[in-house]
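Survey of secondary and tertiary structure
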Amino acid sequence: MAARLLRLRGLLRAAGPRPFSAQASPLQTEQRGTKRPEPSSAKSLVDIGIRRIFSSDHDIFRESARKFFQEEVLPFHAEWEKDGQVSRELWEKAGQQGLLGVAIAEKHGGIGADILSSAVVWEEQMYVNCTGPGFSLHSDIVMPYIANYGSEEQIKRFIPEMIAGKCIGAIAMTEPGAGSDLQGIRTYAKKDGSDWILNGSKVFITNGWMSDVVIVVAVTNREARSPAHGISLFLVENGTKGFIKGRKLNKIGLKAQDTAELFFEDVRLPASALLGKENKGFYYLMAELPQERLLIADMALASCEFMFEETRNYVKQRKAFGKTIAHLQTVQHKLAEMKTQICVGRAFMDNCLQLHADKRLDSSTASMAKYWSSDLQNSIATQCVQLHGGWGYMWEYPIAKAFVDARVQPIYGGTNEIMKELIARDIVSDK
């Protein structure tokens, strides 16, 4: 594992100025700029070497990620859909390939990449239309909480194993009675000497069934002046007495992504299981949620790009009325509309990625990206299925899977209705 990461770092550095430094803005380096084709003028929306926010170093990394997803994920995904989960072997292969925890600092054992490199992994997964691997949640949602707020002991205990794919991470926020309303959670951790006793339940937990460690959001002070002031985060390991994994949930989409119910029945946790400071959990969540919404948005746009190319290829082959349906003006106009919508969305999305790389992405802008991109994803999915005709309704066609997988995007990570509330609050605020 260490040798693989060292080779990967060396390859990326040999290609030119290191793309992963947080100090240099992507637009300030020599290899990024207007000479790179934009998606609107590229041969394909998924071409390697396009988009000005990236460099040739990112292209090298993208080639490696694309090869991995095409060879190690795509051929096996249908079987994983039947199983309701991917294999553990895949997680370890991803770790060996350097695709997990890409943006985690080198001092913690990561590659020390920038967020644009993480985006490469998000996008390449969507370009093969395989939603099973929960890599993005593991790497860019769960791991940052541990890296940013964990103790030295917690970081050493979990991060190296998570980067290697030997410890799968999940985060348990949602409850049967509390989804987008994080302040409405009921899971409760009560102090017992220096320990904590955790009780409650969570639902819709991505990576929940396969998880080795779960960040659990719980109330720790019921007397706080507001719910936000009484929430803490805990690291709960698989096998802990009283931690019970319920059934894998049977979803209409994301068939290969394990999603589970989790139950906590008098789970005794040591003081060292507390992540960060007591009663500061809500503030940690608010600080990290913009990145979660950014990755949902970018994966949504990448899915749009995949669906467009899949549909473009289909209509150029499908014949009706004696010629391919790509010759029909109504089909051509629909393709023109979709490509325009996707390119407009990509321009905003890349701007958000650049802002986040420069540590300037705010909550309101991330909310805009999440709601707009996920709504667009569902619109593009509907239009692409229509252009496939009856075959678009058949499960063996990739567009059918992309269609059902898209539906959850406006729901998780905070519903799009909540996103609009956050955006509106910023608009009308006097501050």
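Residues numbered from 1 in each chain as written. Predicted model: local features only at pLDDT ≥ 70, side-chain atom pairs only at ≥ 80, totals over all residues. Heavy atoms only, no water.

This brings us to the pairing of strand 1 (residues 169-172). Across a regular strand the side chains alternate sides, sitting on one face of the sheet and then on the other. In strand 1, alternate side chains face the same way, and those of G169 and I171 on one face and A170 and A172 on the other are all buried. The pairing of strand 1 with strand 4 (residues 213-219) spans four bridges and is classified as parallel. Within strand 4, the position partnered with I171 by the bridge is I215. (Buried < 20%, exposed > 50% of the residue type's maximum accessible area, 1.4 Å probe, protein only. Helix = DSSP H or I, 4+ residues; strand = E, 2+ residues; numbered from the N terminus. Pairing = 2+ DSSP bridges.)

Here a ring pair, both rings aromatic, is described through the centre-centre distance and the interplanar angle of the planes. Under the definition given, this model contains eleven aromatic pairs. Seen from their ring centres, W91 and F135 are 4.9 Å apart, and the 80° between their planes marks the pair as edge-to-face. Of this pair, W91 sits in helix 4 (residues 88-96) while F135 is found in helix 6 (residues 135-149), placing the two residues 44 residues apart along the sequence. An aromatic cluster is defined as three or more aromatic residues linked by ring pairs; in this entry it consists of F68, F69, W91 and F135. Residue placement shows R62 over the ring face of F54; its charged tip is 5.0 Å from the ring centre. (Phe/Tyr/Trp six-rings, centres within 6.5 Å; stacked < 30°, edge-to-face > 60°. Lys NZ or Arg CZ within 6 Å of the ring centre and 35° of its normal.)

Note that H108 resides in the loop between helix 4 and helix 5 (115-127). Residue class for H108 comes out buried when judged on its relative accessible area of 17%. A sequence separation of 168 residues divides H108 from G276, and the C-alpha atoms of the two residues are 17 Å apart. Beyond its immediate chain neighbours, meaning those up to four positions away, H108 contacts A147, I155, I159, P160 and I163. (Contact = heavy atoms within 4.5 Å.)

Let us look at a nonpolar patch on the surface. Judged by side-chain polarity, W391, Y393 and M394 come together as a nonpolar surface patch covering roughly 370 Å² of accessible area. Within the secondary structure layout, Y393 lies in the loop between helix 10 (363-388) and helix 11 (398-406). Using a relative accessible area of 71% as the deciding quantity, one classes Y393 as exposed. (Patch = residues over 30% accessible without salt bridge, like charges linked within 9 Å, V, L, I, M, F, W, Y side chains within 5 Å. Areas by Shrake-Rupley, 256 points an atom, 1.4 Å probe, with all protein chains shown as cover. Salt bridge = Lys/Arg side-chain N within 4 Å of Asp/Glu carboxyl O.)

Of all the seven residues making up strand 4, seven are buried; the element is thus mostly covered by neighbouring parts of the structure. Every second residue of strand 4 is oriented toward a common face, with V213, I215, V217 and V219 on one face and V214, V216 and A218 on the other, all of them buried. Pairing between strand 4 and strand 5 (residues 231-237): seven bridges, direction antiparallel. The residue of strand 5 that forms the bridge with V219 is I231.

So, about the pattern of salt bridges. Throughout the structure, instances matching the rule amount to 26 salt bridges. For R36, the salt bridge identified is with D59, shortest N-O distance 2.9 Å. Within this pair, whereas R36 is found in the loop between helix 1 (2-14) and helix 2 (56-73), its partner D59 is found in helix 2, the two being separated by 23 residues in sequence. As a salt-bridge pair, E337 and K334 come within 3.3 Å of each other at their nearest N and O atoms. Of the two residues, E337 and K334 are both situated in helix 9 (residues 329-357); the distance of three residues between them amounts to about one turn of the helix. With a relative accessible area of 28%, K334 lands in the partly exposed category. When salt bridges that share partners are traced, they join R51, R62, R66, E123, E124, D298, E305, R346 and D350 into one network.

Another point: the confidence of the model for the chain. Across the chain, the average pLDDT comes to 92, with 92% of residues at 70 or higher. Throughout residues 1-7 the model reports pLDDT below 50, and contacts reaching past four residues in sequence, or to other chains, amount to twelve contacts. Across residues 11-33 the pLDDT falls below 50, and counting only partners more than four positions away or on other chains, this stretch makes 54 contacts in the model. (pLDDT = per-residue confidence, 0-100.)

Running from N to C, helix 10 and helix 12 (residues 416-428) cross one another at 145°; their axes reach a closest spacing of 9 Å. Regarding helix 10 and helix 12, the two cross each other, and that crossing is left-handed. Where helix 10 abuts helix 12, its residues S364, S367, M368, K370, Y371, S374 and D375 lie against N416, M419, K420, L422, I423 and D426. A per-class count over the contact of helix 10 with helix 12 returns five nonpolar, four polar and four charged. (Axes fitted to C-alpha atoms, helices over the stretch in contact; angles between N-to-C directions. Left-handed = near helix turned anticlockwise from the far one by under 90°. Nonpolar A, V, L, I, M, F, W, Y, C, P; charged D, E, K, R; others polar.)

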